[in-house]
Amino acid sequence: MESADSARERVDTIIGSRGSKTLIERVMNIVFIVCGFAAVVCVIAMTAYMITSGGPAIARIGVVPFLFGQVWNPTNSQFGIAPMILASIIATFSAILIALPVGVLVAVFLAKLVPKRFSGVLRQIIDLLAGIPSVVYGLLGVILIVPLIFKLQAALGLPTVGSLLAAIIILVIMILPTIISVSETSIRAVPQKYEDASLALGSTKLQSIIKVTVPAAKNGIVAGMVLGVGRAIGEAMAVMMVAGNAAIMPQLLGPVRLLTASIPIEWAYSSGLHREALYGIGLVLFIFIMLINITLNMLLKRSAD
Amino acid sequence: MTVAELSNHRAITEHISRPMEKAIYGVIYLVSALVLAMVVFFIGVILYRGLPHVTIPFLSTAPNPVDQTIGILPSIINTLYIIVAALLISVPIGVGGAIYLNEYATSKRFVRLIEFATETLSGVPSILYGVFGYMMFVLMFDLKVSLIAGTLTLAIMVLPIMIRTSQEALRSVPESYREGALGMGATKWYMVRTVLLPSSLMGILTGIILSIGRMVGESAALLLVAGGSAMYMPRGNLFQQFASSGSTLSVELYRYAASRGDNETAFGIAAVLIVIVISLNLMTRFLAGRLSKNE
């Protein structure tokens, strides 16, 4: 401590007068504290707004009719979001179910099988997938995926509309980069000696990867999966453009409306209880996201330990 | 995993027959090739269908219903306004927050709290930022549906990116730099200003580029808080322009594709967006190269 004090004594001989310096020091200290806590303030404000606006709305509609009601008909003041919750959950989990194995395979490819020269470029291509704006995905879905599903629907004698299947395909593509990059990072983080030990025991390279490296990277891969769930459940624009948006019970080839989609679709012309019901949807979504965040936080802490 | 745990993996020594192994390799290579080909195909489709629409008049005029011409200049300007203004807010706060976390914070509990808040913010989907921004900035601050409300909302949205990248940049500055500066008698702020900030400039720049990428692609939140359309050039002085509503490129793309059913113009905008995204990606790659060379 003494050496630090004497260092401070000499401050004025090197840079200017001491009085103004300590004042600036103190001010900057406070400025940095304020900046640091800005994120905390934002989270608190957001939580408060979500609860105070969504809570009363849900209370007025009634928790059970709101969460479990099957009819969403604002003109009749019926605000049941069960079909949307179901659609969101089905879409999210189907998307994860497809994207997780694909993502892990690509991550293994990038981390273990590609020569170092190419892995950088290939990683860039995957990063590009993450950078494409969600409306562009929506547009691609409208042009490339929806017409194919129309053909399938026509062949089966179903009405040709946007569908749950289209939403799932779009979500798979959108969460792939997240899962790939988190999995790749955690596979690369597994110490090489694990694999070496396995090889020394006589297993092949592939056996070592599948039975040693990937299981050792399990925590990171699970974290990537949870991150993917969060992205999928929160995605609005792209799925809205391909899903057909009818608030009815979901069927694979029928139109569905996801939880997120109601807000941008009806926001502009909603008022009164209708607008409040949208706040209520916001709160439900917020609770989902917070649960996912807390899970993720625990997972990351566990893998750090 | 310990040696004991490893040896529990009896499966290691199990024999996988060679054809099986070849099949697994085949699946891995096939899936990876398909995913990579898909990305290239998507970008190809966007550029192939979009670039023919991207002409000088398309980029440099407002839509003209009389002549039936379409131009996206108003939304380009709106996008630039929102990005620059949001960065003016989020860069100082984000870098300051990172400096607090890395250099000033003494309480571990505060650090953990702030990091949890940052992670939470980065996990919140953009549609919820829209709802929150609407309640906070449009209703409570009475800013109306406007560019300034959009700016403030996006500034919060990119805050976690700025904090995280700045923190990484600060961490990569060797401890000896700090000790050197402090040992020469510099005060802490003087050390931060003259030693830490210049040495972490590249990392901070990476954060700025990532933030720009996020904001360029943003649509759901802006649809609620900045709304409007971009039929006209922004009018009045800068303050009036920020106080009026207007859509950015991504929101405009959505409007053309979903509300007006004009996929061709939407592809034109998509091509512009993709070119921006690719350039930003190349820039981060260049910066990452510079960074690793410095180390």
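Residues numbered from 1 in each chain as written. Chains lettered and ligands numbered in written order. Predicted model: local features only at pLDDT ≥ 70, side-chain atom pairs only at ≥ 80, totals over all residues.

Colleague: Whenever I open this one, the overall build of chain A confuses me. Can you help?
Modeller: Looking only at helices and strands, chain A features 14 helices and 2 strands. Taken over C-alpha atoms, the radius of gyration comes to 26 Å for chain A, far larger than the 19 Å a tight globule of 305 residues would show. If one aligns the C-alpha atoms of chain A with their principal axes, the spans along those axes are about 85 × 65 × 35 Å. Within chain A, contacts between residues separated by at least 24 positions form 74% of all contacts whose residues are at least 6 apart in sequence. (Helix = DSSP H or I, 4+ residues; strand = E, 2+ residues; numbered from the N terminus. Rg over C-alpha atoms; globule rule 2.2 N^0.38 Å. Contact = placed C-beta atoms within 7 Å.)

Colleague: Can you help me understand the packing of helix 4 (residues 73-104) of chain B against helix 10 (residues 201-216) of chain B in this one?
Modeller: Each pair of packed helices gets described by two things: the angle between the helix axes and the distance between those axes. Residue and element names in this part refer to chain B. The geometry of helix 4 relative to helix 10 is characterised by a closest axis approach of 10 Å and an angle of 140° between their N-to-C directions. When the interaxial angle is binned, helix 4 and helix 10 end up oblique. Between helix 4 and helix 10 lies a crossing of right-handed hand. When helix 4 is examined against helix 10, the residues Thr79, Ile82, Ile83, Ala86, Leu87, Ser90, Val91, Gly94 and Val95 are found in contact with a partner set consisting of Ile204, Gly207, Ile208, Ser211, Ile212, Met215 and Val216. When grouped by side-chain class, the residues that make up the contact of helix 4 with helix 10 number 11 nonpolar, 5 polar and no charged. (Axes fitted to C-alpha atoms, helices over the stretch in contact; angles between N-to-C directions. Parallel < 35°, antiparallel > 145°, perpendicular 65-115°, else oblique. Left-handed = near helix turned anticlockwise from the far one by under 90°. Nonpolar A, V, L, I, M, F, W, Y, C, P; charged D, E, K, R; others polar.)

Colleague: Hey, could you run me through helix 10 (residues 205-216) of chain A in this one?
Modeller: Owing to its 3.6 residues per turn, the α-helix brings residues three or four apart onto one side. Residues and elements named next belong to chain A. Between the first and last C-alpha of helix 10 there are 15 Å, a value that for 12 residues agrees with the 16 Å anticipated at 1.5 Å per step. Gln207, Ser208, Ile209, Val212, Thr213, Val214 and Ala216 are the residues of helix 10 that are buried. Those residues of helix 10 that are buried are in contact with helix 5 (82-113), helix 8 (164-189), helix 9 (192-200) and helix 11 (218-234). (Expected span 1.5 Å × (residues − 1). Buried ≥ 20, exposed ≤ 12 C-beta atoms within 10 Å, placed from the backbone.)

Colleague: How should I be thinking about the environment of Phe109 of chain A in this particular structure?
Modeller: Tracing the backbone shows Phe109 of chain A in helix 5. On the basis of neighbour counts, which here come to 22 C-beta atoms within 10 Å, the residue Phe109 of chain A falls in the buried class. Measuring from C-alpha to C-alpha, the distance between Phe109 of chain A and Ile248 of chain A comes to 41 Å, with 139 residues separating the pair along the chain. When residues no more than four places from it in sequence are discounted, the contact partners of Phe109 of chain A are Val114 of chain A together with Ile28, Tyr29 and Ser32 of chain B.

Colleague: It is not clear to me how the confidence of the model for chain A should be interpreted in this structure. Could you clarify?
Modeller: Interpretation of this model should avoid reading the predicted coordinates in detail wherever pLDDT is low. A residue-level look at chain A finds 92% of positions with pLDDT of 70 or above and a mean pLDDT of 88. Confidence drops under a pLDDT of 50 for residues 5-13 of chain A, and excluding neighbours within four residues, the segment shows 10 contacts in the predicted structure. (pLDDT = per-residue confidence, 0-100.)

Colleague: How should I be thinking about the nonpolar core in this particular structure?
Modeller: Soluble globular proteins tend to bury their nonpolar side chains together. Counting 184 residues, the largest nonpolar core has Ala167, Ile170, Leu171 and Val239 of chain A together with Leu159 and Ala270 of chain B as the members making the most contacts within it. Top element by residues in this core is helix 8 of chain A. It accounts for 17 residues. With residues near it in sequence (within four places) discarded, Leu171 of chain A still touches Ala91, Ala95, Ala232, Glu235 and Val239 of chain A. (Core = buried A, V, L, I, M, F, W, Y, C linked by C-beta atoms within 7 Å.)

Colleague: I'm lost on the domain arrangement of chain A in this one. Help?
Modeller: Interface size is commonly expressed as the accessible surface area that is lost when the partners come together. Residues and elements named next belong to chain A. Taken domain by domain, chain A holds domain 1 (2-61) and domain 2 (63-304). Look at where the C-alpha atoms of domain 1 and domain 2 centre, and you get two points 36 Å apart. Every contact between the two is made by 9 residues of domain 1 and, on the other side, 12 residues of domain 2. In terms of residue class, the side of domain 1 that touches domain 2 is built from 5 nonpolar, 3 polar and 1 charged. (Domains from an automatic or database assignment.)

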